[in-house]
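# Residue-level structure breakdown
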Amino acid sequence: MSDHIIVERRGAVQIVRLNRPDKKNAITRAMYDAMAAALRGADADDAVRVHVFLGAPGAFSSGNDLQDFLAVATGGDHGSDVFDFLVALATATKPVVSGVDGLAIGIGTTIHLHCDMTFATPGSLFRTPFTDLALVPEAASSLIAPQVMGHQRAFALLGMGEGFSAEQARDAGLIWKVVGADDLEAEVMAAADALAAKPPKALQLAKKLVKGPREPVLERIREEGELFLQQLKSDEAREAFMAFMARKK
Ligand code: COA
């Protein structure tokens, strides 16, 4: 496994750091795999009380790796890496704190719908260009986003592909707080440490109650996944991925 995902333990906090800055932290299948394993491992480990997700300066993530999408679109196997990660995230029993600086595209945005406290810097951009890529919302975002921010803002995000600044994301309820870039990691870790200092069982019960039943979320992940795969293999999606690749030449 490469060092594109760095997993670190600090006391009772596990930090999963996306570390592929040359590609703006685009997430490959191997990275989903590593993140799923880290989440599952820490969630089952009594020594860990809080999960943390961090990106790189300027890029939390540019979303799913478009080369990987193109590989599936042109007949490759899609595997279960993304699904496994989403299930691990949606069913995590311990609080998840995340920190965003810069780009948060596609799953770089929808991941935070599953987090319990997200901090972002003023220059951050939350955007999900699913329909521009001829794709559909994923990660149960089509279920959770309308609950969090109401239908119209959710549609602007997921259907229109409208970009949300950190302040707009906070006002929409997508994230918890906007903090200065120099303070991001310290703020994230302070929240994680404060959570880790609480009675763990009570904290997990609180999370469970606040999140509500998981079955509809898992069902939506599956439903979206089928449509996503169907669209991924469509001519219009293939064209969109090729257009992105061609743009780079
Ligand atoms: N998948 C694969 N590679 C990606 C990527 C992605 N999602 N996002 C960025 N990259 C790569 C670029 O191809 C480029 O690689 P190169 O230097 O080898 O050519 C590198 O990361 C830097 O990206 P670049 O486009 O030059 O940076 P930028 O700051 O001008 O733009 C983005 C950043 C994120 C706005 C732009 O790269 C983009 O639109 N990426 C696609 C985002 C996307 O659609 N994600 C899927 C959502 S479902």
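The rules we used
Residues numbered from 1 in each chain as written. Predicted model: local features only at pLDDT ≥ 70, side-chain atom pairs only at ≥ 80, totals over all residues. Heavy atoms only, no water. Pairing = 2+ DSSP bridges. Helix = DSSP H or I, 4+ residues; strand = E, 2+ residues; numbered from the N terminus. Axes fitted to C-alpha atoms, helices over the stretch in contact; angles between N-to-C directions. Parallel < 35°, antiparallel > 145°, perpendicular 65-115°, else oblique. Left-handed = near helix turned anticlockwise from the far one by under 90°. Contact = heavy atoms within 4.5 Å. Nonpolar A, V, L, I, M, F, W, Y, C, P; charged D, E, K, R; others polar. Salt bridge = Lys/Arg side-chain N within 4 Å of Asp/Glu carboxyl O. Buried < 20%, exposed > 50% of the residue type's maximum accessible area, 1.4 Å probe, protein only. Phe/Tyr/Trp six-rings, centres within 6.5 Å; stacked < 30°, edge-to-face > 60°.

### Re the sheet that holds strand β8 (residues 125–127)
One open sheet holds the 4 strands; their spatial order is β4-β6-β8-β9, and the pairing between them is mixed. Single-partner strands in this sheet number two, and they are β4 (59–61) and β9 (164–165).

### Observations regarding the packing of helix α2 (residues 66–73) against helix α11 (residues 235–247)
At a minimum axis separation of 10 Å, α2 and α11 run at an interaxial angle of 140°. The orientation of α2 with respect to α11, classified from their angle, is oblique. Both α2 and α11 take part in a crossing whose hand is left-handed. Contacts between α2 and α11 involve L66, Q67, F69, L70 and A73 from the first element and R238, F241, M242, F244 and M245 from the second. Taken together, the residues of the contact of α2 with α11 break down into 8 nonpolar, 1 polar and 1 charged.

### Points about the pattern of salt bridges
For the structure shown, the criterion picks out 13 salt bridges. Salt-bridge contacts for R29 lead to D81; the nearest nitrogen and oxygen are separated by 2.9 Å. Taken as a pair, R29 in helix α1 (residues 29–43) and D81 in helix α3 (residues 81–90) lie far apart in primary sequence, 52 residues in all. The partly exposed category is assigned to R29, whose relative accessible area is 28%. One salt bridge in this structure joins D116 and K211, with 4.0 Å as the shortest N-O distance. Of this pair, D116 sits in the loop between α4 (107–110) and β7 (117–120) while K211 is found in helix α9 (residues 200–211), placing the two residues 95 residues apart along the sequence. D116 gets classed as partly exposed once you look at its relative accessible area, which sits at 31%. Residue K211 is classed as partly exposed on the basis of its relative accessible area of 24%. Residues joined by salt bridges that share partners form a network here, namely E8, R10, R17 and E185.

### Some words on the sheet that holds strand β5 (residues 96–100)
Overall, mixed pairing links the 6 strands, which are arranged β1-β2-β3-β5-β7-β10 in an open sheet. In the strand order of this sheet, the two ends are held by β1 (5–10) and β10 (177–178), each with one partner. Bridge count between strand β2 (residues 13–18) and strand β3 (residues 50–54): 5 bridges; the pairing is parallel. Considered in β3, the bridge of R17 is made with L54.

### Focus on the environment of V178
Mapped onto the secondary structure, V178 falls in strand β10. When the C-alpha positions of V178 and Q67 are compared, they lie 32 Å apart, and in sequence the two are 111 residues distant.

### Re the packing of helix α5 (residues 141–149) against helix α6 (residues 151–160)
Where α5 meets α6, the closest approach of the two axes is 7 Å, and the angle between their N-to-C directions is 135°. The orientation of α5 relative to α6 falls into the category oblique. As α5 packs across α6, the resulting crossing turns out to be right-handed. Across the interface between the two elements, S141, S142, A145, P146 and M149 from α5 touch H151, R153, A154, L157 and L158 from α6. Considered class by class, the residues forming the contact of α5 with α6 number 6 nonpolar, 3 polar and 1 charged.

### Here we look at the packing of aromatic side chains
Across all of its chains, the model carries 4 aromatic pairs by this definition. Measuring from centroid to centroid gives 5.9 Å for Y32 and F85, while their planes differ by 50°, and the two rings are tilted. Of this pair, Y32 sits in helix α1 while F85 sits in helix α3, and the two are 53 residues apart along the sequence. Across the pair, F85 and Y32 agree in class, each one buried. A network of ring pairs unites the aromatic residues Y32, F53 and F85 as a single cluster.

### Observations regarding unusual backbone geometry
The backbone of N25 sits at a positive phi, close to 60°, despite the residue not being glycine. Inspection of the secondary structure puts N25 in the loop between β2 and α1. Although it is not a glycine, A140 adopts a positive phi angle of roughly 60°. Among the structural elements, A140 can be located in the loop between β8 and α5.

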